Amino acid sequence: MSSAKIHTASACTSLGAELHRLIADLYPICRSITGEGLRDTLRLVAKHVLLTVSEVPTGTEVFDWTVPKEWNIRDGYVRNSRGERVIDFQASNLHVVNYSVPVRRKMRLAELKTHLFTLPDRPDWIPYRTSYYKESWGFCLSQRHLDLLPDDEYEVVIDSTLQPGHLTYGECFLPGDLPDEIVLSTHCCHPSMCNDNLSGIAIAAFLAKHLSAHPRRYSYRFLFIPGTIGAITWLALNEEKLSRIRHGLVLTGLGDEGKLHYKRSRQGNAEIDRAAAHVLQHGSYEHHLLDFSPYGYDERQFCSPGINLPVGRFSRSPHGTFPEYHTSADNLDFVRPERLAESFDVCLRTLALLERNGTFLNLSPKCEPQLGRRGLYSMIGGADNAGARESAMLWVLSLSDGSHSLLDIAERSKLTFDTISDAAADLQEKGLLRECLEFAPPMRAESLERTEP
Ligand code: ZN
């Protein structure tokens, strides 16, 4: 079997607490698709993993898009005629519409109201609104808060800048035995939103940290990028790397109480799709499998027809299906440590399956080899799950003709991948099986590493 072994971590409370702590550290930062909040976020992530940060200038053409102006904000408020701040960015960064242009004016309530956004159905929550590609400004507040504002002359200030600068993204590359890559992508452009964005960032950072400490067959590339424009920018600037990407996952919305969802890649039956489904179906996870659709997160970009990478998505409750989505209620209480730990676990198990999923050749393929002579029956006799182990060995020997992977064999035999993989390891140890390595590209990771920026 390969030297690559990734130890799966059981959903443990300390891991959940650590993930939640990183989310709490990132929560106060006012992020956007560009600007200092995004950089501060990457600086915090870089305390956990080795991160290469790239800065792409405003105006750079990326496929059909253009890298936008950089947005930064220092302050924002609405002050009444007594000089009191009645809406204050310092109290919640959701109060200012993300990407608002600077404004400094006085106006009556009626005019101000045309720039205010509330959620009448959820009168205690502040909505999250953006204005990325249209230069405008606004404030968000709870409906109850708005109902308390009397007519008055208000001073409206948004102390922001929107000018040529950069789009920032972070990348953690972990070379493995093979140059073939698994890409894991998470968006990091939302301000104080815990499930939608921070849960994905925290889990990606901890997965990178975990993998960096273990031998790996695959190389791994973790992308911490602003949603949509960040993915488009990365793909446009890294086209030469795309042919090395074998599997990919978008990670987001991984901390709420809902069941786990895996959204298949556009290809629908890629190895990553089958690996994720197998892990969910054979684990004790409450889960649901979703077919690909061209809306959602950055799987839209990775799976677009001209890119066509096998990239699926792990989430818990899908975006837009829970009322807290894009509101102030997506807060530190909404993400649960035990759910974060479980989501981490399912991601890691899926990666571990990919690491171990080889194609093998039966070295004694003419009739059945004599297992008893090689001590394989006595091994079976001593095992608790003797029936499954024996069955797994026969399945592996039967289908290892160089054209079936271990996952193929697990699916066809209806045994778990782990049982099949363990049986293959036993058979390999006894000289009855060898891995077909001719499918693996010959370039070693060491040579790849030197070419990395
Ligand atoms: Zn979102």
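Residues numbered from 1 in each chain as written. Predicted model: local features only at pLDDT ≥ 70, side-chain atom pairs only at ≥ 80, totals over all residues. Heavy atoms only, no water.

With that out of the way, let us pick up the sheet that holds strand β17 (residues 359-362). Spatially, the 3 strands line up as an open sheet ordered β18-β17-β19, and their pairing is antiparallel. At either margin of the open sheet sits one strand with a lone partner, and together these are β18 (401-405) and β19 (433-435). Across the sheet, the axes of successive neighbouring strands diverge by a mean angle of 35 degrees, strand direction being ignored. Bridge analysis of β17 against β18 gives 2 bridges, and the strand direction is antiparallel. Counterpart to Leu361 in the pairing with β18 is Asp401. Across the sheet, helix α12 (residues 406-413) is in contact with β17 and β18; its angle to β18 comes to roughly 70 degrees. (Pairing = 2+ DSSP bridges. Helix = DSSP H or I, 4+ residues; strand = E, 2+ residues; numbered from the N terminus. Axes fitted to C-alpha atoms, helices over the stretch in contact; angles between N-to-C directions. Contact = heavy atoms within 4.5 Å.)

It is worth spelling out the domain arrangement of the protein at this point. Here the protein is partitioned into domain 1 (9-67 + 166-356), domain 2 (71-163) and domain 3 (359-435). Inter-centroid distance (C-alpha atoms) of domain 1 to domain 2 is 31 Å. Contacts between the two partners involve 24 residues from domain 1 and, on the opposite side, 17 residues from domain 2. Of the roughly 1,500 Å² buried at the junction of domain 1 and domain 2 (both faces included), carbon and sulfur atoms supply 59%. Linking domain 1 to domain 2 there are 0 salt bridges. Between domain 1 and domain 2 we count 10 residue pairs in polar contact (both at pLDDT 80 or more) in total. (Domains from an automatic or database assignment. Buried area = accessible area lost by both parts, 1.4 Å probe. Salt bridge = Lys/Arg side-chain N within 4 Å of Asp/Glu carboxyl O. Polar contact = N/O pair within 3.5 Å; in protein donor to acceptor, adjacent residues only side chain to side chain.)

Turning our eyes to something else, we now look at helix α9 (residues 337-356). The end-to-end C-alpha distance of α9 is 29 Å, a good match for the 28 Å that 20 residues give at a rise of 1.5 Å each. The element α9 is extensively covered by neighbouring structure, given that 15 of its 20 residues are classed as buried. (Expected span 1.5 Å × (residues − 1). Buried < 20%, exposed > 50% of the residue type's maximum accessible area, 1.4 Å probe, protein only.)

By the definition in use, this model includes 0 disulfides. This cysteine, Cys303, is not joined by any disulfide, and Cys347 carries the nearest cysteine sulfur, 16 Å off. (Disulfide = S-S within 2.5 Å.)

The final tally for this structure, using the stated rule, is 33 salt bridges. Linking Glu55 and Arg39 is a salt bridge whose minimum nitrogen-to-oxygen distance equals 2.8 Å. With Glu55 in strand β1 (residues 52-57) and Arg39 in helix α2 (residues 36-45), this pair connects stretches of sequence that are 16 residues apart. In this structure Arg39 comes out as buried when scored by relative accessible area, which is 12%. Arg274 is the partner of Glu411 in a salt bridge, and the nearest nitrogen-oxygen pair spans 2.8 Å. Pair noted here: Glu411 is in helix α12 and Arg274 is in helix α7 (residues 271-282), with a separation of 137 residues, a long-range link. Arg274 gets classed as buried once you look at its relative accessible area, which sits at 17%.

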